[in-house]
Amino acid sequence: MFSLVLIDIWTYTPFFALIIFAGLQGINEEIREAARINGAKGWATFLHIELPLIAPYILIAAVFRLIESLNQFDIIFGTTQGGPGDSTSVLSVRAYITAFQNLAFGRGAALMVVNWLIVLLGTLAMVKLWRLVRQRVS
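In this report, the structure presented in the accompanying data block is examined.

Looking only at helices and strands, the protein has six helices and zero strands in total. Secondary structure elements of the protein, listed N to C terminal, follow the sequence α-α-α-α-α-α. In terms of C-alpha radius of gyration, the protein reaches 20 Å, well past the compact-globule figure of 14 Å for 138 residues. Principal-axis analysis of the C-alpha atoms places the extent of the protein at approximately 70 × 30 × 20 Å. The buried share of the protein, taken over its 138 residues, is 28%. Long-range contacts, defined as pairs at least 24 residues apart, comprise 59% of the intrachain contacts of the protein with a sequence gap of at least 6. About 9200 Å² of surface is accessible on the protein, with carbon and sulfur atoms providing 68% of the total. Both charge centroids of the protein, one from 10 positive and one from 8 negative side chains, sit 9 Å from each other.

So this is what it looks like as structure tokens:
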């Protein structure tokens, strides 16, 4: 499982960093300059000004990561096929094995519907949180 987590981090961290970098580029330099004039140091500027302004970008990236991590099939099936035993078996791999190796297509489809519902509920919660943060920043 540790190697799968490392592969996932190596694969998707640049996308996360790119979204956050775009958010940082969108912050007006006048805001940073006003903070420096008021005496704020580097970390205080980041924690109290920049971080709240890029929080919506962080949450959007977190929504993408949540969706991708809950639908992780290719890395797991390509490296371990859910094994050894069931140690790396996630819902999407279990659905594939159930449907196409055990030929229980209905049960495999039901597992994917459950996976879809979990992704939907997680995404709706993250979008609600994003709206709250966006409203607070505006």
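Let us keep going from here.
Glancing now at the layout of surface pockets. The volume enclosed by the largest pocket comes to roughly 150 Å³. Taken together, Met1, Leu4, Val5, Asp8, Ser69, Gln72, Ile75, Ile76 and Val90 make up the full set of residues lining the largest pocket. Contributions of two or more residues to the lining of the largest pocket are made by helix H1 (2-25) and helix H4 (74-79). Per-element accounting of the lining of the largest pocket gives the leading share, three residues, to H1. Its residues placed into classes, the lining of the largest pocket shows six nonpolar, two polar and one charged.

If you look at the biggest cluster of nonpolar residues, it comprises seven residues: Leu4, Tyr12, Ile75, Ile76, Phe77, Val93 and Ile97. Those elements that provide at least two residues to this core are H1, H4 and helix H5 (91-101). For this core, the leading source of residues is H4, giving three residues. Membership of the second largest hydrophobic core comes to five residues, among which are Ala55, Leu59, Val63 and Val133.

With that settled, the discussion passes to the packing of helix H2 (residues 29-37) against helix H3 (residues 42-70). Taken N-terminus to C-terminus, the directions of H2 and H3 make an angle of 160 degrees; their axes are 11 Å apart at the nearest point. As summarised for this structure, H2 and H3 are arranged roughly antiparallel, according to the angle between their axes. Crossing angle aside, the handedness with which H2 passes H3 is right-handed. Contacts from Ile31, Arg32 and Ala35 in H2 reach Thr45, Ile49, Glu50 and Leu53 in H3. Taken together, the residues that form the contact of H2 with H3 break down as four nonpolar, one polar and two charged.

What counts, and where the lines are drawn
Residues numbered from 1 in each chain as written. Predicted model: local features only at pLDDT ≥ 70, side-chain atom pairs only at ≥ 80, totals over all residues. Heavy atoms only, no water. Helix = DSSP H or I, 4+ residues; strand = E, 2+ residues; numbered from the N terminus. Rg over C-alpha atoms; globule rule 2.2 N^0.38 Å. Buried < 20%, exposed > 50% of the residue type's maximum accessible area, 1.4 Å probe, protein only. Contact = heavy atoms within 4.5 Å. Areas by Shrake-Rupley, 256 points an atom, 1.4 Å probe, with all protein chains shown as cover. Lys, Arg positive; Asp, Glu negative; His and termini not counted. Charge placed at Lys NZ, Arg CZ, Asp CG, Glu CD. 1 Å grid on protein atoms, 1.4 Å probe; cavity = no way out; pocket = protein on both sides within 12 Å on 5 of 7 lines; lining within 4 Å. Points joined across faces, edges and corners; volume = space filled by probe spheres on them. Nonpolar A, V, L, I, M, F, W, Y, C, P; charged D, E, K, R; others polar. Core = buried A, V, L, I, M, F, W, Y, C linked by side-chain atoms within 4.5 Å. Axes fitted to C-alpha atoms, helices over the stretch in contact; angles between N-to-C directions. Parallel < 35°, antiparallel > 145°, perpendicular 65-115°, else oblique. Left-handed = near helix turned anticlockwise from the far one by under 90°.

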